[in-house]
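# Structure assessment
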Amino acid sequence: MILVITVLFSLFYLFQINKMTFALCQSREIPEEKQPKIYRTVNILVTILILSFYLEVLLKV
């Protein structure tokens, strides 16, 4: 049950973070060539954050 809730939360959270990253790229007028690197970095860091959150919840339950 915890896994299902975490996956749903994670998908929503990643979607929102990607929307904010897109807005950042648009407002700062970041070149198209650099945008994939920014998205990759942000997504990897958010994924690490989500995994650590899941492990913390899993170990406390």
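Further up the page is the structure itself.
The notes below deal with the structure included here. Owing to the predicted nature of the structure, the values given are computational and were not obtained by experimental measurement.

### Digging into a nonpolar patch on the surface
- On the surface, a cluster of nonpolar side chains totalling about 270 Å² of accessible area is made up of Leu3, Val7 and Leu11.
- Examined against the element boundaries, leucine 3 turns out to sit in helix H1 (residues 2-27).
- Residue leucine 3 is classed as partly exposed on the basis of its relative accessible area, which comes to 48%.

### Some points on the packing of H1 against helix H2 (residues 35-60)
- The contact between H1 and H2 brings their axes to 10 Å, and the two run at 155 degrees. Looking at the two axes, H1 sits roughly antiparallel to H2. Handedness of the crossing formed by H1 with H2: right-handed. Contact residues: Ile2, Leu3, Thr6, Ser10, Tyr13, Leu14, Ile17, Asn18, Thr21, Phe22 and Cys25 in H1; Gln35, Ile38, Tyr39, Val42, Asn43, Val46, Leu49, Ile50, Tyr54 and Val57 in H2.
- Partitioning the contact of H1 with H2 into residue classes produces 15 nonpolar, six polar and no charged.

Cut-offs applied
Residues numbered from 1 in each chain as written. Predicted model: local features only at pLDDT ≥ 70, side-chain atom pairs only at ≥ 80, totals over all residues. Heavy atoms only, no water. Patch = residues over 30% accessible without salt bridge, like charges linked within 9 Å, V, L, I, M, F, W, Y side chains within 5 Å. Areas by Shrake-Rupley, 256 points an atom, 1.4 Å probe, with all protein chains shown as cover. Salt bridge = Lys/Arg side-chain N within 4 Å of Asp/Glu carboxyl O. Helix = DSSP H or I, 4+ residues; strand = E, 2+ residues; numbered from the N terminus. Buried < 20%, exposed > 50% of the residue type's maximum accessible area, 1.4 Å probe, protein only. Axes fitted to C-alpha atoms, helices over the stretch in contact; angles between N-to-C directions. Parallel < 35°, antiparallel > 145°, perpendicular 65-115°, else oblique. Left-handed = near helix turned anticlockwise from the far one by under 90°. Contact = heavy atoms within 4.5 Å. Nonpolar A, V, L, I, M, F, W, Y, C, P; charged D, E, K, R; others polar.

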